[in-house]
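The chain contents come next:
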Amino acid sequence: MTTNLIQTKTFAFSLQIISVYRILQIEKEYVLSKQLLRCSTAVGAMVMEADHAESRADFKHKMSVAQKEINESIYWLKLLEAANYLSVKQIFLPLKDANDILHIITRILITVKQNIKLNT
């Protein structure tokens, strides 16, 4: 298995979110926490799937889904903080990492789209 920066970051992010999820479970918040857990762990799964994509188009699709999932993760983190389930301190690192991941995935997608245009 090849490990690269985005795979490492998304795996670490998933672990962070699992910790946040555990905090939310202690607080008896079950619905929003499950949404956060699902989309946040899906980011890394899609990045791993993209690593074994069948084509450039398949790679682009999987990374686009990862981009949507990290955007959703950012939304749930902000909502949980605004609803006072999590403190600013609790979401600071996960939110920072989510934004870093979003930036990396966006740059990857820009590059892929440019390469697809060049090859058509």
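Given the structure is predicted, the values throughout are model-derived calculations rather than measurements. (Residues numbered from 1 in each chain as written. Predicted model: local features only at pLDDT ≥ 70, side-chain atom pairs only at ≥ 80, totals over all residues. Heavy atoms only, no water.)

## Things to note about the overall build of the chain
- Helices and strands together make up the secondary structure of the chain, namely four helices and zero strands.
- Secondary structure elements of the chain, listed N to C terminal, follow the sequence α-α-α-α.
- Principal-axis analysis of the C-alpha atoms gives the chain an extent of 50 × 25 × 20 Å.
- Per-residue burial over the chain gives 39% buried out of 120 residues.
- The contacts of the chain with a sequence gap of at least 6 include a subset with a gap of at least 24, amounting to 74%.
- Total accessible area on the chain stands at roughly 7,300 Å², and carbon and sulfur atoms take up 58% of it.
- Both charge centroids of the chain, one from 15 positive and one from 11 negative side chains, sit 4 Å from each other. (Helix = DSSP H or I, 4+ residues; strand = E, 2+ residues; numbered from the N terminus. Buried < 20%, exposed > 50% of the residue type's maximum accessible area, 1.4 Å probe, protein only. Contact = heavy atoms within 4.5 Å. Areas by Shrake-Rupley, 256 points an atom, 1.4 Å probe, with all protein chains shown as cover. Lys, Arg positive; Asp, Glu negative; His and termini not counted. Charge placed at Lys NZ, Arg CZ, Asp CG, Glu CD.)

## What to know about the confidence of the model for the chain
- Residues at a pLDDT of 70 or more form 97% of the chain, whose mean pLDDT is 95.
- Taken element by element, the chain is modelled with least confidence in helix H4 (residues 88–118), mean pLDDT 94, and with most confidence in helix H2 (residues 31–50), mean pLDDT 98. (pLDDT = per-residue confidence, 0-100.)

## Structural notes on the packing of H2 against helix H3 (residues 56–82)
- One can describe the packing of H2 onto H3 by two numbers: an axis separation of 8 Å at closest approach and a directional angle of 155 degrees. With respect to each other, H2 and H3 are oriented roughly antiparallel. When the axes of H2 and H3 are compared, the crossing they make is left-handed.
- Taken together, the residues of the contact of H2 with H3 break down into 17 nonpolar, three polar and four charged. (Axes fitted to C-alpha atoms, helices over the stretch in contact; angles between N-to-C directions. Parallel < 35°, antiparallel > 145°, perpendicular 65-115°, else oblique. Left-handed = near helix turned anticlockwise from the far one by under 90°. Nonpolar A, V, L, I, M, F, W, Y, C, P; charged D, E, K, R; others polar.)

## Examining the packing of aromatic side chains
- Summed over the entire model, instances satisfying the criterion amount to one aromatic pair.
- Note on tyrosine 75 and tryptophan 76: the rings are 5.1 Å apart at their centroids and 70 degrees apart in plane angle, and the pair reads as edge-to-face.
- Under the relative-accessibility criterion, tyrosine 75 is labelled partly exposed at 48%.
- Accessibility expressed as a relative area gives 13% for tryptophan 76, which makes it buried. (Phe/Tyr/Trp six-rings, centres within 6.5 Å; stacked < 30°, edge-to-face > 60°.)

## Looking at the environment of threonine 111
- By secondary structure assignment, the location of threonine 111 is in helix H4.
- Judged by relative accessible area, threonine 111 falls into the partly exposed class, the value being 37%.
- For the pair formed by threonine 111 and lysine 60, sequence separation is 51 residues and the distance between their alpha carbons is 9.9 Å.

## Looking at the nonpolar core
- Counting 30 residues, the largest nonpolar core has Leu36, Ile70, Ile101 and Ile105 as the members making the most contacts within it.
- Counting only elements with at least two residues in this core, the list comes to helix H1 (5–26), H2, H3 and H4. (Core = buried A, V, L, I, M, F, W, Y, C linked by side-chain atoms within 4.5 Å.)

## Comments concerning the packing of H3 against H4
- Where H3 contacts H4, the two axes come as close as 9 Å, and the packing angle between them is 160 degrees. Relative to H4, the element H3 is oriented roughly antiparallel. As H3 packs across H4, the resulting crossing turns out to be left-handed.
- Looking at the contact of H3 with H4, its residues break down into 18 nonpolar, five polar and five charged.

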